[in-house]
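# Descriptive analysis of the structure
Here's the letter readout for the chains.
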Amino acid sequence: MSSVFGKPRAGSGPQSTPLEVNLAILGRRGAGKSALTVKFLTKRFISEYDPNLEDTYSSEETVDHQPVHLRVMDTADLDTPRNCERYLNWAHAFLVVYSVDSRQSFDSSSSYLELLALHAKETQRSVPALLLGNKLDMAQYRQVTKAEGVALAGRFGCLFFEVSACLDFEHVQHVFHEAVREARRELEKSPLTRPLFISEERALPHQAPLTARHGLASCTFNTLSTVSLKEMPTVAQAKLVTVKSSRAQSKRKAPTLTLLKGFKIF
Ligand SMILES: Nc1nc2c(ncn2[C@@H]2O[C@H](COP(=O)(O)OP(=O)(O)OP(=O)(O)O)[C@@H](O)[C@H]2O)c(=O)[nH]1
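Residues numbered from 1 in each chain as written. Predicted model: local features only at pLDDT ≥ 70, side-chain atom pairs only at ≥ 80, totals over all residues. Heavy atoms only, no water.

## Quick look at the side chain of Ser-164
Residue placement: Ser-164 occurs in the loop between strand 6 (159-162) and helix 5 (169-189). There is a polar contact of 2.7 Å between the side chain of Ser-164 and the side chain of Asp-137. In this structure the side chain of Ser-164 is engaged in a polar contact, spanning 3.3 Å, whose partner is the backbone nitrogen of Leu-167. (Helix = DSSP H or I, 4+ residues; strand = E, 2+ residues; numbered from the N terminus. Polar contact = N/O pair within 3.5 Å; in protein donor to acceptor, adjacent residues only side chain to side chain.)

Following this line, the structure appears as structure tokens:
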């Protein structure tokens, strides 16, 4: 469990400028990206969802006594990575999710990790990824062993967790906060390295086209210079929906939560 709440460190009071962290959740349809995102943001499990929604949410978090302005992009690729530049150049860290009861989703997570590794190589920018085996509560229907998850994560040098969006909130929160820690470590190493925001006017210098070398034909990196701003997760354009904290949350300081573009919360 994460030890995120406690005595504030000297100099890290409410006045501290929050660290800005962008987190993208990747994975095959149905792996549980939205359920994990909503669990983290609201402590609730959703069983109904709109698979076509791709939203970016923002939440004020405290991680290791440090205020963090966290943006979470719940992506909605179909079965393979698509138009990946919208998150590749935006995120400071990635959560790659598969479902322990789906071999197909595990195979997809491997594709996503390859995509991230390829992107890191091409851009010389290392962005941390965490591999998550979701739906741990469905372990009796496992198609993917824990050892396979550990091995895949080891191949790509990322942290690995098995989680469940419908079990305890603390574990899910811990995983998201670990992603923040990983992102922070990377940002501290190279503070000048920030995600790229791309407009129609500004082409990326030296952006070599990446091809289907890794079976990722649908991911056309060479179109970066023509990506329009509307494809990027712009908070300013979003409709804001405030979610009041439930009574269950009252024992602990509830994080400020702003949901963008109308997620269905029950
Ligand atoms: N039992 C169980 N079901 C889950 C869990 N996480 C998600 N689900 C269910 O799995 C289905 C898919 O979950 P989503 O969160 O919508 O999956 P997704 O990866 O966001 O899928 P897309 O929105 O299609 O990209 C839904 O019916 C969820 O209720 C979990 O941890 N355990």
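## Here's the deal with the packing of helix 3 (residues 103-123) against helix 4 (residues 146-156)
Between helix 3 and helix 4, the least distance of the axes is 10 Å, while the angle of their chain directions is 10°. When the axes of helix 3 and helix 4 are compared, the pair comes out roughly parallel. Between helix 3, through Arg-103, Phe-106, Ser-109, Ser-110, Leu-113, Glu-114 and Ala-117, and helix 4, the contact on the second element is made entirely by Glu-148, Gly-149, Leu-152, Arg-155 and Phe-156. Residue composition of the contact of helix 3 with helix 4, by class: five nonpolar, three polar and four charged. (Axes fitted to C-alpha atoms, helices over the stretch in contact; angles between N-to-C directions. Parallel < 35°, antiparallel > 145°, perpendicular 65-115°, else oblique. Contact = heavy atoms within 4.5 Å. Nonpolar A, V, L, I, M, F, W, Y, C, P; charged D, E, K, R; others polar.)

## A look at the pattern of salt bridges
Going through the model one piece at a time under the given rule, you end up with nine salt bridges. Across the pair Arg-185 and Glu-182 runs a salt bridge whose closest N-O atoms are separated by 2.6 Å. Taken together, the positions of Arg-185 and Glu-182, both in helix 5 and three residues apart, correspond to about one turn of that helix. By relative accessible area, which is 44% here, Arg-185 ends up partly exposed. One network of salt bridges, with partners in common, ties together Asp-64, Glu-178, Arg-181 and Arg-184. (Salt bridge = Lys/Arg side-chain N within 4 Å of Asp/Glu carboxyl O. Buried < 20%, exposed > 50% of the residue type's maximum accessible area, 1.4 Å probe, protein only.)

## So, the site of the ligand
In the neighbourhood of the ligand, 20 residues make up the surrounding shell, with Lys-33, Ser-34, Ala-35, Asp-137 and Ala-165 lying closest. Between the ligand and Lys-33, the relevant distance is 2.8 Å, taken from an oxygen atom to a side-chain nitrogen or oxygen of the residue. Between the ligand and the protein, one listed contact pairs an oxygen atom with a backbone N or O atom of Ala-35 at 2.7 Å. If the ligand stood free it would expose 640 Å²; the protein chains cover 89% of that surface. Counting residues per element, the shell around the ligand draws most heavily on helix 1 (residues 33-42), which supplies three residues. (Near = heavy atom within 4 Å. Areas by Shrake-Rupley, 256 points an atom, 1.4 Å probe, with all protein chains shown as cover.)

## Some thoughts on the packing of aromatic side chains
With the rule as written, the count across this model stands at three aromatic pairs. Ring plane angle 75° and centroid distance 6.5 Å describe the contact between Tyr-87 and Phe-94, whose orientation is recorded as edge-to-face. For Tyr-87, a relative accessible area of 0% corresponds to the buried category. Judged by relative accessible area, which is 1%, Phe-94 ranks as buried. Ring plane angle 75° and centroid distance 4.8 Å describe the contact between Tyr-98 and Phe-106, whose orientation is recorded as edge-to-face. The pair formed by Tyr-98 and Phe-106 is uniform in burial state, with each residue classed as buried. (Phe/Tyr/Trp six-rings, centres within 6.5 Å; stacked < 30°, edge-to-face > 60°.)

## As for the nonpolar core
Core analysis: the biggest nonpolar cluster contains 29 residues, and Leu-36, Leu-70, Leu-95, Leu-132 and Phe-176 have the highest contact counts within it. Taken together, the elements giving at least two residues each to this core come down to strand 1 (19-27), helix 1, strand 2 (55-63), strand 3 (66-74), strand 4 (93-99), strand 5 (129-134) and helix 5. In terms of residues, this core owes the most to one element, helix 5, which gives seven residues. Excluding residues within four positions of it along the chain, Leu-36 makes contact with Val-97, Leu-132, Asn-134, Val-163, Ser-164, Ala-165, Val-172 and Phe-176. In terms of nonpolar packing, the next biggest core, distinct from the first, is built from 25 residues, Val-100, Leu-115, Leu-116 and Ala-129 among them. (Core = buried A, V, L, I, M, F, W, Y, C linked by side-chain atoms within 4.5 Å.)

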